[in-house]
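# Coordinate inspection notes
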Amino acid sequence: MSLPPGIDAAARDVAQSLSGGRSASGARIVTVQPLTGGTGASTGGLRLYRLDGGGAFIEKRTTSELEYTLARAQLVDTAAGLPRCPAMLRYLAAMPDPAGGYRLFMERLEEVGGNDSWLWGAEARLAEAAEAFSLAIAAMRRRHGLALRPAPDVLAMLGKALTGTKDATDAQLATLRSALAGYPLRPAHNDLFWPNIGQSQDAETLVFLDFALVGDNLPGAEFHHFAKGLTKSARHRAFFLALTLQAAERASIPAGIMRAGACVTAAARARTRETRRGRPEEGQRLARRFLGLAEDALQERSSTREL
Ligand SMILES: Nc1ncnc2c1ncn2[C@@H]1O[C@H](COP(=O)(O)OP(=O)(O)O)[C@@H](O)[C@H]1O
Ligand SMILES: [Mg+2]
């Protein structure tokens, strides 16, 4: 049988599996359209397939081996009857692309955030989802022997970038390192912000997508995007403080440690990002600003002073 343009056997098989055996030929794909928004370095394009009867699913082409590995692990677990972590996007199929990279087919989340304010008020649900996600990745690692990304040594990165430009930096970094060293690295999503978060159908849980950066990290590091809110507005700042407080309680880690982990990661990333944009001085300025906020967070750990 010939297939309409843009629909190949792999996509048709996914559509068939989605009909749950209700019809022998499966649900029919009626349209395929490209999705805009994929900006990750490993993303080769996204497509939305719509089915007759109103269903839909998404295909992501990616060169991220990690994303493919996690998708495969989830599919194996589902086939074995294990429950899926509700904070993890559901994959429908995953395969190497003969043209290079991988093809990942997944459920379409009805609602993926469009701006910061979409998450306002959802601090507790986001902390809950992040904790569930971390535990689920840890369990998948044990079951499948996954090699996850090692934690980036953001303090060493900052040391290289900033030492020699200001006397205090070495001592600042050493203090942060020893404070954070008492807490284990944890698996984390590491790219949590509104374009990578959607809602389950019943809107009860937040669901994470885009797993290219999943790996071990410092406590709180996965909230580095939200740490940037400390310098944006009172509302953004309140969001970060509430989110890290909730996450700290769930993980039994002091909120100040979570915030420090988020701020040092934001510092290192700002430095890398601005340098890539040809603005190394701005990168240094931002890195210092976030290092200062990380120090404030640590102080707050031992007193009741607000960050
Ligand atoms: N399963 C999905 N359901 C709904 N929207 C999605 C889904 N997957 C991707 N998208 C949309 O496409 C965008 C890019 O996808 P993403 O996996 O985050 O790629 P990238 O690695 O390029 O950021 C997302 O921010 C979201 O808007
Ligand atoms: Mg993304």
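Look a little higher up for the structure.
In this report, we go over the structure that sits alongside the text.

Let us look at the coordination of the magnesium ion (ligand 2). Distances from the magnesium ion (ligand 2) to its protein donors, namely N196 (OD1) and D210 (OD), fall within the range 2.1 to 2.2 Å. Pair noted here: N196 is in the loop between β6 (186-188) and β7 (197-199) and D210 is in the loop between β8 (206-208) and β9 (215-217), with a separation of 14 residues, a long-range link. Looking at N196, the relative accessible area reads 5%, which means it is buried.

In this section: the sheet that holds strand β2 (residues 43-51). On the basis of which strands lie adjacent, the open sheet formed by 5 strands has the order β1-β2-β3-β5-β4 and antiparallel pairing. Of all strands in the sheet, those with a lone pairing partner are β1 (29-35) and β4 (91-96), marking the two edges. Averaged over all neighbouring strand pairs, the angle between strand axes comes to 20°, with direction disregarded. Pairing of β1 with β2 involves 6 bridges; the strand directions are antiparallel. Pairing of Q33 across the sheet is with L48, part of β2. Docked against the sheet, helix α2 (residues 65-79) engages β3 (56-62), β4 and β5 (102-107), running at close to 130° with respect to β4.

With that out of the way, let us pick up the pattern of salt bridges. Overall, the coordinates contain 20 salt bridges when judged by the stated rule. Note that D77 is salt-bridged to R143, the shortest N-O span being 2.8 Å. Here the residue D77 occupies a position in helix α2, and R143 occupies one in helix α3 (residues 123-144), the gap between them amounting to 66 residues. Using a relative accessible area of 46% as the deciding quantity, one classes R143 as partly exposed.

So, about the packing of aromatic side chains. Applying the stated rule across the entire model yields 9 aromatic pairs. Considering the side-chain rings of F133 and F208, the 5.5 Å spacing of their centres and the 55° angle between planes classify their relative orientation as tilted. Placement of F133 in helix α3 and of F208 in strand β8 is noted, with a sequence separation of 75 residues between them. With relative accessibility at 0%, the residue F133 sits in the buried group. For F208, a relative accessible area of 0% puts it in the buried group. Each member of the aromatic cluster is reached from another via a ring pair, and the members are Y91, F133, F208 and F211.

Moving on to the side chain of K60. Note that K60 resides in strand β3. Relative accessible area serves as the criterion here: at 7%, K60 is assigned to the buried category. In terms of polar contacts, K60 uses its side chain to reach the side chain of D210, at 3.3 Å. Here K60 is in contact with T43, G45, L46, E67, Y102, R103, L104, M106 and D210, once residues within four sequence places are set aside.

So, on to the site of ligand 1. Among the 18 residues in the neighbourhood of ligand 1, the closest are listed as G40, T43, K60, E107 and P195. At 2.6 Å, a side-chain N or O of T43 approaches an oxygen atom of ligand 1. Between an oxygen atom of ligand 1 and a main-chain N or O atom of P195, the distance comes to 2.6 Å. Coverage of ligand 1 by the protein amounts to 89% of the 540 Å² it exposes when considered alone. Of all elements in the fold, only β2, β3 and β5 reach the threshold of two or more residues within the shell around ligand 1. The residue makeup of the shell around ligand 1, split by class, is 8 nonpolar, 6 polar and 4 charged. Viewed by domain, the shell around ligand 1 spans two of them, domain 1 (9-107) and domain 2 (116-302), each represented by three or more residues.

Within β5, 6 of the 6 residues are buried, which leaves the element mostly enclosed by the surrounding structure. The pairing of β3 with β5 spans 6 bridges and is antiparallel. Paired with T62 across the two strands is Y102, which belongs to β5. Direction of pairing for β4 relative to β5: antiparallel, over a ladder of 5 bridges. Bridged to A94 within β5 is L104. Between β4 and β5, which pair antiparallel one after the other, the connecting turn spans 5 residues, and G100 there sits at a positive phi close to 115°.

Angle between the axes and distance between the axes are the two parameters that describe a pair of packed helices. Contact pair helix α4 (residues 154-162) / helix α8 (residues 255-276): the axes reach a minimum separation of 9 Å and the direction vectors enclose 45°. Put simply, α4 runs oblique to α8. Along this stretch, α4 crosses α8, giving a crossing that reads as left-handed. Contacts between α4 and α8 pair V154, L155, M157, L158 and A161 from the former with V264, T265, A267, A268, R271 and T272 from the latter. Classifying every residue of the contact of α4 with α8 by side-chain character gives 8 nonpolar, 2 polar and 1 charged.

Reading the values: rules and limits
Residues numbered from 1 in each chain as written. Chains lettered and ligands numbered in written order. Predicted model: local features only at pLDDT ≥ 70, side-chain atom pairs only at ≥ 80, totals over all residues. Heavy atoms only, no water. Donors = N, O, S within 2.8 Å, 3.2 Å for Na, K, Ca; no water. Helix = DSSP H or I, 4+ residues; strand = E, 2+ residues; numbered from the N terminus. Buried < 20%, exposed > 50% of the residue type's maximum accessible area, 1.4 Å probe, protein only. Pairing = 2+ DSSP bridges. Axes fitted to C-alpha atoms, helices over the stretch in contact; angles between N-to-C directions. Contact = heavy atoms within 4.5 Å. Salt bridge = Lys/Arg side-chain N within 4 Å of Asp/Glu carboxyl O. Phe/Tyr/Trp six-rings, centres within 6.5 Å; stacked < 30°, edge-to-face > 60°. Polar contact = N/O pair within 3.5 Å; in protein donor to acceptor, adjacent residues only side chain to side chain. Near = heavy atom within 4 Å. Areas by Shrake-Rupley, 256 points an atom, 1.4 Å probe, with all protein chains shown as cover. Nonpolar A, V, L, I, M, F, W, Y, C, P; charged D, E, K, R; others polar. Domains from an automatic or database assignment. Parallel < 35°, antiparallel > 145°, perpendicular 65-115°, else oblique. Left-handed = near helix turned anticlockwise from the far one by under 90°.

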